[in-house]
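Each chain, letter by letter, is given below.
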Amino acid sequence: MNEDTREFHPIPAKPTRLSHWYLLTGLVIGLILGLVYTWWINPVVYQSAQPANLHQTYKDAYRSAIAQVFAATGNFERAVLRLELLEDKDPIFTLGAQAQRALAEGKEDEAKALALLAAALQATAPQATALPATETQVENTPQQGAPIVIPTATLNLVPTQTLPVLTPIP
Amino acid sequence: MSNRRLRWIFFMVAILVGIAAGVFIGYQVAPVQYQDAVPQSLRFDYQTDYILMVAELYQDEGNAALAAARLIFMGVQNPSEMVVSAIIFAQENQYAPKDIQLMNDLARAIQDLNLDTQ
């Protein structure tokens, strides 16, 4: 056997075990692309929003309209139903705060209507959160020149738990 | 088919599956939530209720210009047309006759207002 006829035995390559991580990578890339498309490029367009989804400015206008209608008609039940649509966490406080803002802007009638509705809500609130009668005196119909009672956050009392009295051990 | 080519095909399939999952999540499971919606995007029954509120206030105040201003502020482009649409909706959905009458009065007042300003 000379140099030309010598057999060449290549070392067989070890079979490499390819991992399947590339599948997960593809899945994640696809997921990101899908979310980018649905959240930024072509998001869901709401054609039937609820009053609670309105921008704060419009919510205030909506709330103000509810209060003014209540002041004009005295229909408390309807006002409460409408107010619920705004999903305010604390409607009494929200109405009171808006009344203060309206008063600061010189919108006295609006402030009075908002305060009136807040007071009416306060009056129908459970006893635990109700104020003494002297602090929530509100007339049913607003009158010109009447003092505006604006409930504030501090007026919304939270019931506290009283600790049991310890009995002396003999 | 070579192993390398097969891997590329599976990779592309995985991306497509991911996109499908992403679209499903983005549209069905966790769609974008709008927190600052404009009044035009309100459901029509809510728009009608707002118009009814304006009509109730108009009955109390008798100020058609103020009523129109309230409607325009809420994004109503053509108050007169909008009130008429609301009346039709109210009639179709059996609103109380008194409420429909209030909206009719408002529609008339705003139409008169438009005639005055033209």
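For the structure itself, consult the block above.
Only a predicted model underlies this, so the values are computations on that prediction, with no experimental measurement involved.

(A) Quick look at the packing of helix α3 (residues 76-85) of chain A against helix α2 (residues 44-61) of chain B. Contact geometry for α3(A) and α2(B): axes closest at 13 Å, N-to-C directions at 135 degrees. The angle between α3(A) and α2(B) falls in the class oblique. In the crossing of α3(A) with α2(B), the sense of the turn from one axis to the other is left-handed. On α2(B), the residues touching R78(A), R82(A) and L85(A) of α3(A) are Y46(B), D49(B), L52(B), M53(B) and E56(B).

(B) Structural detail: the side chain of E56(B). Topologically, E56(B) is positioned in helix α2. Ignoring sequence-local partners within four residues, the contact set of E56(B) consists of V69(A), T73(A), R78(A), R82(A) and L102(B).

(C) Region of interest: the nonpolar core. Formed by 52 residues in total, the largest nonpolar core has its most connected members in Y62(A), L71(B) and L106(B). Secondary-structure elements contributing two or more residues to this core are α2 (56-73), α3, α4 (91-104) and α5 (108-124) of chain A together with α2, α3 (64-73), α4 (79-92) and α5 (97-117) of chain B. When residues no more than four places from it in sequence are discounted, the contact partners of L106(B) are I51(B), V54(B), A55(B), Y58(B), A67(B), L71(B) and V83(B).

(D) The interface of chain B and chain A, seen in detail. The interface is formed by 40 residues belonging to chain B together with 41 residues belonging to chain A. For the pair chain B and chain A, the two sides together bury roughly 3800 Å², of which 66% comes from carbon and sulfur. In this assembly, chain B and chain A are joined by four salt bridges. One salt bridge in this structure joins E56(B) and R78(A), with 2.9 Å as the shortest N-O distance. Our count for the contact surface shared by chain B and chain A stands at 11 residue pairs in polar contact (both at pLDDT 80 or more). Taken together, the elements giving at least two residues each to the side of chain B that touches chain A come down to α1 (3-29), α2 and α3 of chain B. Looking at which element gives the most residues to the side of chain B that touches chain A, the answer is α1(B), with 15 residues. When its residues are assigned to classes, the side of chain B that touches chain A shows 25 nonpolar, seven polar and eight charged.

(E) Main features of the packing of helix α1 (residues 21-41) of chain A against α1(B). One way to put it is that α1(A) packs onto α1(B) with a least axis distance of 6 Å and a crossing angle of 35 degrees. Crossing of α1(A) over α1(B) shows right-handed handedness. Looking at side-chain class alone, the contact of α1(A) with α1(B) contains 19 nonpolar, eight polar and one charged residues.

(F) Inspection of the packing of aromatic side chains at higher detail. Residue and element names in this part refer to chain B. This structure, assessed with the given rule, holds seven aromatic pairs over all chains. Where W8 meets F11, the ring centres are 5.7 Å apart and the plane angle is 85 degrees; that geometry is what we call edge-to-face. Of the two residues, W8 and F11 are both situated in helix α1; the distance of three residues between them amounts to about one turn of the helix. According to the relative accessible area criterion, F11 is buried, its value standing at 15%. When the ring of F44 is compared with that of F89, the centres are 5.3 Å apart and the planes differ by 70 degrees; the resulting orientation is edge-to-face. Linking F44 in helix α2 with F89 in helix α4, this pair joins segments that are 45 residues apart in sequence. Residue classification places F89 among the buried residues on the basis of a relative accessible area of 18%.

Rules used throughout
- By convention here, each chain's residues receive numbers from 1 onward along its written sequence.
- As a convention, the first chain written is A and the first ligand written is 1, with the rest following in written order.
- Residues qualify for local features only when their pLDDT is at least 70, as the model is predicted, and side-chain atom pairs are given and counted only at 80 or more; totals for whole chains, interfaces and linings, by contrast, use all residues.
- To obtain the side-chain values, all non-hydrogen atoms of the structure were included, while hydrogens and water were left out.
- Interaxial angle, 0 to 180 degrees, is taken between N-to-C directions of lines fitted to C-alpha atoms, where a helix line uses only the stretch in contact.
- Numbering goes from the N terminus for both helices and strands, where a helix is a DSSP run of H or I of at least four residues and a strand is a run of E of at least two.
- Roughly parallel here means an angle under 35 degrees, roughly antiparallel means over 145, roughly perpendicular means 65 to 115, and every remaining angle is called oblique.
- Two helices cross in a left-handed way if the nearer one is turned anticlockwise from the farther one by less than a right angle. They cross in a right-handed way if the turn is clockwise.
- Contacts were defined at the residue level, with two residues in contact if any of their heavy atoms lie within 4.5 Å.
- Nine residue types can take part in a nonpolar core, namely buried Ala, Val, Leu, Ile, Met, Phe, Trp, Tyr and Cys, and a core is a set of them joined through side-chain atoms within 4.5 Å.
- Only protein chains enter the calculation, and the probe is 1.4 Å; a residue is then buried if its accessible area is under 20% of its type maximum, exposed if over 50%, and partly exposed in between.
- Buried area: the accessible surface (1.4 Å probe) lost by two parts on joining, summed over both.
- By definition, a salt bridge exists where a carboxyl oxygen of Asp or Glu is found within 4 Å of a side-chain nitrogen of Lys or Arg.
- Polar contact is the term for a pair of N or O atoms within 3.5 Å; when the atoms are in protein, one must be able to donate a hydrogen and the other to accept it, and sequence-neighboring residues count only if both atoms are side-chain atoms.
- Ten residues, namely Ala, Val, Leu, Ile, Met, Phe, Trp, Tyr, Cys and Pro, are considered nonpolar, four, namely Asp, Glu, Lys and Arg, are considered charged, and the remaining ones, Gly among them, are considered polar.
- Each aromatic pair joins two rings of Phe, Tyr and Trp (for Trp, the six-membered one) with centres within 6.5 Å, and gets the label stacked for planes under 30 degrees apart, edge-to-face for over 60, and tilted for any other angle.

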